[in-house]
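Listed below are the residues making up each chain.
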Protein chains: 2
Amino acid sequence: MLDLENIFSDSAKAMKASVIRELLKLIREPGIISFAGGLPAPETFPTEKIKEITSSIIEREGAFMMQYGPTEGDPNLKAQILKLMKNEDDYPFDNENVLVTTASQQGLDMTGKLFVNSGDTIVVGVPTYLGALQSFSAYKANYMGIDLDEEGLITSDLEEKLEAIKKRNEKMPKFIYVIPDFQNPTGITMSLNRRNELLRIAYKFGIPILEDSPYRALRYSGESIPTILSLDKKGYVISMYTFSKTMLPGLRLGWLVSQNKEIIQKLTIIKQGTDLCTPPFTQAIAAEFVKLGHLETQITNNVAYYKQKLKFMLNALEKEMPKIDGLSWTKPEGGMFLWVKLPDHMSADDLFPKAVKEKVAYVIGSAFHCNGKGQNTLRVNFSYSTIEDIDLGIKRLAKVIKDNA
Amino acid sequence: MLDLENIFSDSAKAMKASVIRELLKLIREPGIISFAGGLPAPETFPTEKIKEITSSIIEREGAFMMQYGPTEGDPNLKAQILKLMKNEDDYPFDNENVLVTTASQQGLDMTGKLFVNSGDTIVVGVPTYLGALQSFSAYKANYMGIDLDEEGLITSDLEEKLEAIKKRNEKMPKFIYVIPDFQNPTGITMSLNRRNELLRIAYKFGIPILEDSPYRALRYSGESIPTILSLDKKGYVISMYTFSKTMLPGLRLGWLVSQNKEIIQKLTIIKQGTDLCTPPFTQAIAAEFVKLGHLETQITNNVAYYKQKLKFMLNALEKEMPKIDGLSWTKPEGGMFLWVKLPDHMSADDLFPKAVKEKVAYVIGSAFHCNGKGQNTLRVNFSYSTIEDIDLGIKRLAKVIKDNA
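Conventions we followed
- Residues numbered from 1 in each chain as written.
- Chains lettered and ligands numbered in written order.
- Predicted model: local features only at pLDDT ≥ 70, side-chain atom pairs only at ≥ 80, totals over all residues.
- Helix = DSSP H or I, 4+ residues; strand = E, 2+ residues; numbered from the N terminus.
- Rg over C-alpha atoms; globule rule 2.2 N^0.38 Å.
- Buried ≥ 20, exposed ≤ 12 C-beta atoms within 10 Å, placed from the backbone.
- Contact = placed C-beta atoms within 7 Å.
- Least-squares fit on C-alpha atoms with pLDDT ≥ 70 in both.
- Domains from an automatic or database assignment.
- Nonpolar A, V, L, I, M, F, W, Y, C, P; charged D, E, K, R; others polar.
- Pairing = 2+ DSSP bridges.
- Axes fitted to C-alpha atoms, helices over the stretch in contact; angles between N-to-C directions.
- Core = buried A, V, L, I, M, F, W, Y, C linked by C-beta atoms within 7 Å.
- Parallel < 35°, antiparallel > 145°, perpendicular 65-115°, else oblique.
- pLDDT = per-residue confidence, 0-100.
- Left-handed = near helix turned anticlockwise from the far one by under 90°.
- Arc of directions from axis to C-beta.

## Points about the overall build of chain A
Counting secondary structure elements, chain A contains 15 helices and 14 strands. Against the compact-globule benchmark of 22 Å for 405 residues, chain A has a radius of gyration of 21 Å, which places it among compact chains. Principal-axis analysis of the C-alpha atoms gives chain A an extent of 60 × 60 × 60 Å. For chain A, buried positions account for 55% of its 405 residues. Considering only contacts in chain A between residues 6 or more positions apart, those separated by 24 or more positions represent 76%.

Below is the structure:
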C-alpha cells in the first residue's frame, strides 16, 4: 500500500474536513429547520430569464462561449463588471484592473497563493469567514486575530499589535482580510471611521488589504458606506465580488479588482495554472444578464425579500428568546446572517446535538474563530428558510437555550 | 507604494507568464496560420444540442442547478461518469472514487497541492505538458525529467535514477506525471509494456502515478491500449479526464478518479478551499448530454473529422518538407498534436520570428522541457486549422525551415 502519510504535502496532512461540512451531514434528517447553511433562497432565482438568455446567446455566440477563453475573463463580462464598479467607485478602472474568478472562493485561494509562504501571518477578524481560513491554511498561514465590536474590526487593537511586531523587528503580516459589509458570520458592518483607520494603518505598515464584499448589494436598512477600495489612494486594496448572492450561485462567478495592476497581473498568471480560465459558457450568460438590466431588478427583489425575512427573524427572536443575562444577538442592516451570543457559561458546541434533537440547526461560532474561542456563540442564517420555518425554528432554538441556560 | 517584491510569496515571485501566452500575443495579426494553440475545432461543437438540453433542464431542475452544489460533484454527472469509466475499466468504482473538477487544469493544481512541499521532486516526461509544469511549480516543485522514445517514457531510465536516489538514501519523488495517450506535446502513445513497467516501478519505490488522459477518446488509428488506472492493482494511480476535447471546452468540466478513496477524499477537502464546488449549472448540462447518448455521437464525429485533418497534415509534411538530415516528425495515432524535430544545429526559438514573418506559427519545443533543452523541437496542432490552412501553413513552415537549414 502507498504510505500516503509520508507522501501527502504538509498542508494536505493538516487539512481537515470543515466543521460545517460535518455538521451539515447531521442535519439532513427530515423535519429539521436549518439556519446552518449560507444559501440564497432558491425561489429568488431568475430561472425564466436565465433560460431565455441562454437560448438566445447560444444562438448568437455559441462557438465563442463553447471554446476556451482568455484567463483574464470574457471581455463582454468584464465590460459589464466595469460598469458595476463605476457605481461603487469613481476610480477609472479598466480591463487590467479586473480578473474574473470562478466565484469568490477561488479569489481567496489565489490570494493565499499570491502572498503566503509557509508560516506567514494574515490578519483576520475574530470571528471571520470559515472558508477564508480554509483557503489560506492550505498555504500554511498563521493568523493574527483581531476582535470585532459593533463597528467592525477594532483597528486600534490591530495598530497596537503591529507596533509591537515592528518594535520586535519581526515579520509583518502579509495582508489584512476583512468583510466590511454585513460580515459573515456576525452580520456586523464596519463603520466609515474604521475603514479609514484600516487604510491608514495599512499604509503605515505597508500591508495590503483583501476586502471581501459578497453581501454588499444586499442592504436592507441604513446608509451605504464607501468600500475600502474606493477610499484607497495608493493601490493597497484588492476587492472580491461575487454574483452568487445577487444573481445566483450555480454559475460560480465573481471577480477581483484592484487599482494595483501588478497584483491583478500576478493573479492572472496564478489563475492560468489553476484552471486556465473560468467557463466562457457561464460568463456569457452572466454578461447578458447584467447587460439587459436584470441584475438591478434581481437585487431590488432580493433586498425586498430578504429584508422581510430578517425582520421576521428579529421579531421572532425578540418574542421567543428567554430573558437571560448575557444572551444577545446582532441586528444586521443587510446580508444573510446574524450572530447569537449565549451567556459565557453556555457552549453552542454542547448545545448543538440538543438543538438537532429539537429539530433546529445552526453553525457553532467556534468554527469561525482562528483562535479556537467563541464556544458561546452561534451563526444563524435568515435568507434560506421560509417565513413559517423562521418562526417555528426560532421557537425551537429559544426552547433549547431556555432549557439549558 | 507597496513593496510587492517583499510581500509576494516565493512561488508567486518565481512565476512568469507562460511562454505560450506571450507567443500567442505575437500571432494575433491577420493572415497568420497558427498551429500554436491546442484548441478543438469550433465547427465540431454540438451547439444545437446544448441549446435544447439547457432549455429543457432549466425547466426541469432550474433551482437545483442554480444553487450551490456538493464539492464532490453533481450526483447526476457522477452517475454518467461512472458509466463512462465502466467502458475503460472493470474496477467497481463508486461515487467515492470520483471527484468532478473545473476541467483537468484544476486537477493538476489540486494534485500539486496534495503532494508537493517546497523542493519536492516530481517525475515528468521530457518533454511534457507545459500547463502541468506551471501548476506544479506554483508549489515549488523540482523535476526529474525522463526522456521519451517512440514507446513513451523510457521506464528503464526512470528505474535507474530511482535506484540511485535509493542508494544515496535521498527523498523519493512525490509522484510520476504521464500522459500515456497521444501525449501533449509529442503525440506519442505509451506502449502496454511501458505502462506495466511504470506500474511495477511505482510499486517498487512506493510512488503514486498521475495519469492525464485528455485525448484518450480521440484515437484515429491503431488499437486502444489499457489505461494505467485499469492495470493498477494497488490503488497507486490517479487518473484525470476532461470533457474539453470530447464535448466542448467552454463548460470547463473534468474529473479525477482513483481506486484509492483516501486520495479522492483529501482532494475533495482541497477542492472545498479552492472553489467550494464546480458550477452545478454546467454539470447539469453535461450530465444530460452524456445521458442522452450525445457524447458517444460527438466522439465518433470528432474522431472522423480530426482523423482527416491529421492525415492531411501528415501528407502535407511528407510532400512539402525539405529532405534534410535530422528533420523528422511524429506520426500520432490520435490526439491533437505532432512534434517536429529540426536538425540539432537549428533552433525553433530563433526560427519563430521568421515563421511569424512568413505568417505561420507553432509553439517552441523548449517550453515543454523542464530541463530547458529541446531548442531544436516544435509542436504543431492539427485540430484547429481548416484543411486549406493546414496545406498552406505547412507550405510556409517548410519554406522557413528550408531557408534556414
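From this point, things continue past the structure.
## Focus: the relation of the copies chain A and chain B
At an RMSD of 0.0 Å, chain A and chain B line up after a rotation of 180° and a shift of 0.0 Å along the axis. In the structure described here, the two chain copies are related by an operation that fits a two-fold rotation axis. When C-alpha distances to the rotation axis are compared across chain A, the minimum falls at A:Ser55, with a value of 3.5 Å. Comparing interface residues between copies, 100% of those in chain A also lie at the interface in chain B; the contact surface is shared.

## Notes on the domain arrangement of chain A
Residues and elements named next belong to chain A. Segmenting chain A into domains produces domain 1 (4–45 + 296–404) and domain 2 (67–293). Inter-centroid distance (C-alpha atoms) of domain 1 to domain 2 is 24 Å. Counting residues at the interface gives 34 residues for domain 1, matched by 33 residues for domain 2. Elements represented by at least two residues in the side of domain 1 that touches domain 2 include exactly helix H2 (10–14), helix H13 (294–320) and strand E11 (337–341). When residues in the side of domain 1 that touches domain 2 are grouped by element, the largest group, nine residues, is from H13. Residue composition of the side of domain 1 that touches domain 2, grouped by class: 16 nonpolar, 13 polar and five charged.

## Re the sheet that holds strand E9 (residues 254–258) of chain A
Residues and elements named next belong to chain A. Spatial ordering of the open sheet is given by E2-E9-E8-E7-E6-E3-E4-E5, a layout of eight strands whose pairing is mixed. Each edge of the open sheet is held by one strand with a lone partner, namely strand E2 (98–101) and strand E5 (152–153). In terms of strand pairing, E2 meets E9 through four bridges, oriented antiparallel. Considered in E9, the bridge of threonine 101 is made with glycine 254. On the sheet, helix H5 (residues 75–88) packs against E2 and E9 and is oriented at approximately 115° with respect to E2. Seen against the sheet, helix H11 (residues 261–275) touches E2, strand E8 (237–242) and E9 and runs at an angle of roughly 30° to E2.

## Notes on the nonpolar core
Proteins that are soluble and globular tend to have nonpolar side chains buried together. Judged by nonpolar contacts, the single largest core of 238 residues is most densely connected at A:Ile176, A:Ile209, A:Ala286, B:Ile176, B:Ile209 and B:Ala286. Leaving out residues up to four positions away in the same chain, A:Ala286 has contacts with A:Leu77, A:Phe243, A:Met247, A:Leu251 and A:Leu253.

## A word on the interface of chain A and chain B
Note: interface size is frequently given as the accessible area lost on complex formation between the parts. Taken together, the contact pairs 67 residues of chain A with 67 residues of chain B. Of all the elements in the fold, those that place two or more residues in the side of chain A that touches chain B are helix H1 (4–7), H2, helix H4 (47–66), helix H6 (104–115), helix H7 (130–137), H11 and helix H12 (280–291) of chain A. With eleven residues, H4(A) is the single largest residue contributor to the side of chain A that touches chain B. Looking at the side of chain A that touches chain B residue by residue, the class counts come to 33 nonpolar, 22 polar and twelve charged.

## Looking at the pairing of strand E6 (residues 175–178) of chain B
Residues and elements named next belong to chain B. Residues Phe175 and Tyr177 line one face of E6 and the alternating positions Ile176 and Val178 line the opposite face, and both faces are buried. Pairing analysis gives three bridges linking strand E3 (residues 121–126) to E6, with the strands arranged parallel. The partner of isoleucine 122 across the bridge, within E6, is phenylalanine 175. Sheet topology places E6 next to strand E7 (residues 209–212); three bridges connect them, and they run parallel. Counterpart to tyrosine 177 in the pairing with E7 is leucine 210.

## Digging into the packing of helix H8 (residues 155–167) of chain A against helix H9 (residues 192–205) of chain A
Residue and element names in this part refer to chain A. Interhelical geometry of H8 versus H9 gives an angle of 10° and a closest axis separation of 10 Å. Regarding the angle of H8 to H9, the classification is roughly parallel. For the pair H8 and H9, the contacting residues are Thr155, Leu158, Glu159 and Leu162 in the first and Arg194, Glu197, Leu198, Ile201 and Phe205 in the second.

## Some remarks on the sheet that holds strand E10 (residues 328–329) of chain B
Residues and elements named next belong to chain B. Judged by pairing direction, the sheet is antiparallel, and its four strands sit side by side in the order E10-E11-E14-E13 without closing on themselves. Since the sheet does not close on itself, it has two edges, and those belong to E10 and strand E13 (363–364), each with one partner. Here five bridges tie strand E11 (residues 337–341) to strand E14 (residues 377–381), and the two strands are oriented antiparallel to one another. Within the sheet, the bridge partner assigned to valine 340 lies in E14 and is leucine 378.

## Concerning helix H7 (residues 130–137) of chain B
For H7(B), the buried fraction is high: eight of the eight residues fall into the buried class. Of the residues making up H7(B), those classed as buried are B:Leu130, B:Gly131, B:Ala132, B:Leu133, B:Gln134, B:Ser135, B:Phe136 and B:Ser137.

## Quick word on the confidence of the model for chain A
Scored by pLDDT, chain A has a mean of 95; 99% of the residues are at 70 or more. Note on the complex model: pTM 0.96, ipTM 0.95.

## What to know about the pairing of E9(A)
Residues and elements named next belong to chain A. Judged by how many residues are buried, E9 sits mostly within the fold: five of five residues are covered. Alternating residues of E9 divide into Gly254, Leu256 and Ser258 and Trp255 and Val257, and every residue in both groups is buried. Strand direction decides the pairing type here: E8 and E9, joined by five bridges, are antiparallel. Within E9, the residue paired with methionine 240 across the bridge is leucine 256.

## Re the packing of helix H5 (residues 75–88) of chain B against helix H12 (residues 280–291) of chain B
Residue and element names in this part refer to chain B. Where H5 meets H12, the closest approach of the two axes is 8 Å, and the angle between their N-to-C directions is 35°. The element H5 and its partner H12 pack so that their crossing is left-handed. In contact with Asn76, Leu77 and Gln80 of H5, H12 contributes Gln283, Ala284, Ala286, Ala287, Val290 and Lys291. Among the residues forming the contact of H5 with H12, the class breakdown is five nonpolar, three polar and one charged.

## Comments concerning the environment of B:Glu150
Residues and elements named next belong to chain B. With respect to the helices and strands, glutamate 150 occurs in the loop between strand E4 (142–149) and strand E5 (152–153). Overall, the presence of 10 C-beta atoms within 10 Å leaves glutamate 150 in the exposed class. Each C-alpha atom of the pair glutamate 150 and aspartate 350 lies 27 Å from the other, and the pair is 200 residues apart in sequence.

## Notes on helix H14 (residues 348–357) of chain B
Residues and elements named next belong to chain B. Those residues of H14 lying buried are Ala348, Leu351, Phe352 and Ala355. All buried residues of H14 project into a common sector of 125° when viewed along the axis, lining one side. Facing away from the buried side of H14, by more than 90 degrees, are the exposed residues Asp350, Pro353 and Lys357. Looking at the buried positions of H14, the neighbouring elements they touch are strand E12 (360–361), E13, E14 and helix H15 (387–404). Following H14 by one or two positions, lysine 359 adopts a phi angle in the positive range, close to 65°.

## What to know about the environment of B:Glu151
All names here are of chain B. Within the secondary structure layout, glutamate 151 lies in the loop between E4 and E5. C-alpha separation for the pair glutamate 151 and aspartate 212, spaced 61 residues apart in sequence, amounts to 17 Å. Among residues more than four places away in sequence, those in contact with glutamate 151 are Met190, Ser191 and Arg194.

## Notes on unusual backbone geometry
Backbone torsion omega between A:Asn184 and A:Pro185 reads 20°, so that peptide bond is classified as cis. Located in the positive-phi region is A:Lys359, a residue other than glycine, with phi close to 65°. Structurally, A:Lys359 is set in the loop between helix H14 (348–357) and strand E12 (360–361). By the C-beta count within 10 Å, which is 16 here, A:Lys359 ends up partly exposed. Although it is not a glycine, B:Arg252 adopts a positive phi angle of roughly 50°. Relative to the helices and strands, B:Arg252 resides in the loop between strand E8 (237–242) and strand E9 (254–258).

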